[in-house]
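For reference, the chains in residue letters:
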Amino acid sequence: MSRERTVFVCASCGAKYARWQGQCRECGEWNTISEQRVFEESANNAGSRAAQRALAGFAGQTGSGVVNLAQVNITAKARLSSGYAEFDRVLGGGIVAGSVVLIGGNPGAGKSTLLLQTVCRLSERVKVLYVTGEESLEQVALRARRLGLPTERVRIASETSIDKICALASGEQPAVLVVDSIQVMHVQGVESAPGSVSQVREGAAALTQFAKRTGIAVFMVGHVTKDGTLAGPKILEHCVDCSVLLEAASDLRFRTLRCQKNRFGAVNEIGVFAMTDLGLREVKNPSAIFLNRQEEVAPGSLAMVVWEGTRPLLVELQVLVDVAQGSNPRRLTLGTDPNRLSMLLSVLHRHASFSLGDQDVFVNVVGGVKVLETASDVPLCLALISSFRSQALDRRTIAFGEIGLTGEIRPVPSGQERIAEAHKQGFTRAIVPYDNAPRTPPSGMQIIPVRRVPELFKLS
Ligand code: TYD
Ligand code: MG
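These numbers were taken from a predicted model, which means no experiment stands behind them.

**Student:** Could you clarify how one ought to interpret the overall build of the chain in this entry?
**Tutor:** Scanning the chain for helices and strands turns up 10 helices and 21 strands. Counting over 460 residues, the chain shows a buried share of 49%. At a minimum sequence separation of 6, the contacts of the chain that also span at least 24 residues come to 67%. Carbon and sulfur atoms make up 51% of the accessible area of the chain, which totals about 22,000 Å².

**Student:** I would appreciate a short explanation of the packing of helix H8 (residues 338-352) against helix H9 (residues 377-389) in the present structure.
**Tutor:** Angle between the axes and distance between the axes are the two parameters that describe a pair of packed helices. Closest axis-to-axis distance for the H8/H9 pair is 11 Å, and the angle between their directions is 65°. By crossing handedness, the relation of H8 to H9 is classed as right-handed. Residues Arg340, Leu341, Leu344, Leu345 and Leu348 of H8 form the contact with H9, whose participating residues are Asp377, Leu380, Cys381 and Leu384. Within the contact of H8 with H9, the residues separate by chemical class into 7 nonpolar, no polar and 2 charged.

**Student:** When you look at the sheet that holds strand E16 (residues 359-365) in this model, what are you seeing that I'm missing?
**Tutor:** Backbone hydrogen bonds are what pair the strands of a sheet, in a parallel or an antiparallel way. Read from one edge to the other, the open sheet built from 7 strands follows the order E15-E16-E14-E13-E17-E20-E21, with strand pairing classed as mixed. Only two strands of the sheet have a single neighbouring strand rather than two, namely strand E15 (331-334) and strand E21 (446-450). Sheet twist, expressed as the average angle between the axes of neighbouring strands with direction ignored, equals 25°. With 3 bridges connecting them, strand E17 (residues 397-399) and strand E20 (residues 429-433) associate as parallel partners. Pairing of isoleucine 398 across the sheet is with alanine 430, part of E20. Those strands touched by H9 are strand E13 (301-308), strand E14 (311-323), E16, E17 and E20, and its axis lies near 35° from that of E14. Lying over the sheet, helix H10 (residues 415-424) contacts E13, E14, E17, E20 and E21, oriented at roughly 130° with respect to E13.

**Student:** Which parts of the structure should I look at to understand the site of ligand 1?
**Tutor:** Of all residues adjacent to ligand 1, which total 15 residues, the nearest are Gly108, Lys111, Ser112, Thr113 and Thr276. Between ligand 1 and the protein, one listed contact pairs an oxygen atom with a side-chain N or O atom of threonine 113 at 2.5 Å. For ligand 1, the accessible surface in isolation is 560 Å², of which the surrounding protein chains cover 73%. Contributions of two or more residues to the shell around ligand 1 are made by helix H3 (111-122), helix H4 (137-146) and strand E11 (270-276). The leading source of residues in the shell around ligand 1 is H3, at 3 residues.

**Student:** What should I look at first to understand the sheet that holds strand E5 (residues 128-132) in this one?
**Tutor:** One open sheet accounts for 9 strands, arranged E6-E5-E7-E8-E4-E9-E10-E11-E12; its pairing is mixed. Looking along the sheet, the strands with just one partner apiece sit at the ends: strand E6 (154-158) and strand E12 (279-282). Averaged over neighbouring strand pairs, the angle between their axes works out to 25° when direction is ignored. Summarising the sheet, strand E10 (residues 254-262) and E11 pair through 5 bridges and their orientation is antiparallel. Bridging from a neighbouring strand, threonine 256 pairs with valine 272 of E11. Against the sheet, H4 engages E5 and E6, with an angle of about 145° to E6. Strands E5, E6 and strand E7 (176-180) of the sheet are contacted by helix H5 (residues 162-172), whose axis makes an angle of about 160° with E5.

The rules behind these values
Residues numbered from 1 in each chain as written. Chains lettered and ligands numbered in written order. Predicted model: local features only at pLDDT ≥ 70, side-chain atom pairs only at ≥ 80, totals over all residues. Heavy atoms only, no water. Helix = DSSP H or I, 4+ residues; strand = E, 2+ residues; numbered from the N terminus. Buried < 20%, exposed > 50% of the residue type's maximum accessible area, 1.4 Å probe, protein only. Contact = heavy atoms within 4.5 Å. Areas by Shrake-Rupley, 256 points an atom, 1.4 Å probe, with all protein chains shown as cover. Axes fitted to C-alpha atoms, helices over the stretch in contact; angles between N-to-C directions. Left-handed = near helix turned anticlockwise from the far one by under 90°. Nonpolar A, V, L, I, M, F, W, Y, C, P; charged D, E, K, R; others polar. Pairing = 2+ DSSP bridges. Near = heavy atom within 4 Å. Polar contact = N/O pair within 3.5 Å; in protein donor to acceptor, adjacent residues only side chain to side chain.

Right, dumping it as structure tokens:
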């Protein structure tokens with residue numbers, strides 16, 4: 001007997017609640033929770049169906065019984081290059097057979113463009129199948145022609161049924177299958193509308209199982225929507241091998257491709273593209289675009305070296321310190337962690353008697369880059385001091401380093417490589433943690449090692 005029941009489901013992460021609420025406790029998103037009617041039985045089945053599919057997928061990989069880890073056969077397969085070095089790096093060195101990659105991003109970010117360019121390039125070496133559920137075949141063909149892509153050997157279909165897509169791909173046997181997008185797809189036997197949590201989850205589970213069974217690499221497009229009308233990529237993250245996000249940088253011409261989860265490589269790896277009339281172009285020297293090349297120097301601005309994935313990136317940090325307008329001074333950060341800023345303000349106060357308690361503080365990382373690592377602590381403090389004193393820092397200076405709660409300046413990984421990258425980009429002075437200072441600095445580069453926070457006040 002099935003019993004109808006009402007649940008409230010978050011469209012972003014799939015969490016279920018008995019009552020409606022404005023914010024999802026699981027993922028923190030607002031206004032993503034909506035009412036859904038489910039039959040008790042079918043709801044349970046839907047959950048277990050995904051689990052069964054996932055298990056079947058894993059079983060297919062492992063064979064039967066228990067073995068010694070050392071005895072597992074490893075057939076080292078070469079990775080397939082996507083044709084774009086920036087894309088390959090984000091994937092951890094190319095496409096892995098049988099892997100499932102989710103490409104997330106806002107509508108208009110360029111997901112379809114990136115994948116179309118990729119399959120066209122791939123088609124010159126391997127078989128590919130591009131399935132579009134959003135655009136007509138003619139639209140895709142027009143775009144490919146306009147971008148001057150090789151289309152001769154690209155197999156394409158317009159389809160929104162996952163079951164049919166799997167059947168088509170079984171017949172075609174491509175090395176790479178693209179499904180654009182998972183939110184317009186539906187799975188047989190799942191009642192809810194395309195884009196709903198259960199459709200998206202079931203569709204992705206079916207594609208994952210298909211990829212594992214056949215060894216076909218699958219790319220799925222997943223739109224990120226803030227209003228929660230579509231189930232977001234977050235609910236898919238656990239089932240895919242690799243999740244990458246394509247984002248527009250604040251300068252709208254550029255797009256960054258960022259890896260958020262990767263079973264085959266480093267996370268936080270980023271690739272940079274420029275959106276041109278001829279589609280996406282790789283940016284080989286991203287440091288150059290994130291730096292302000294203006295000649296005049298402004299107080300509160302400083303270049304820093306952050307380590308994104310496996311390579312250094314130079315970005316400009318800007319800070320504005322101004323007398324607070326209200327009784328509650330504002331602390332606003334774009335591209336860095338606001339909690340980290342609060343911590344640093346306390347460290348500066350406690351260990352250097354430098355108080356910004358009556359000041360508004362705004363922090364911005366130029367170019368829309370998000371800095372997740374602690375190496376930005378030292379540059380952030382230097383920029384705070386510079387903005388407060390209205391004294392510009394030397395334009396050819398870079399800085400990096402972590403700051404601890406006791407006011408000590410701690411080394412960060414890959415210090416030498418950071419200094420080398422700054423040297424390559426024409427910087428002549430580096431403020432670095434004492435333990436990161438190289439014995440023989442690059443020629444023409446002055447190294448200023450620092451051990452404790454008070455020393456930062458003597459630099460300019
Ligand atoms: P698209 O790949 O359709 O985005 P998504 O699939 O992520 O929704 O890209 C659409 C945007 O890219 C659109 O705003 C126009 C822009 N664009 C260009 O500027 N140049 C081009 O050559 C192409 C194909 C798109
Ligand atoms: Mg699209």
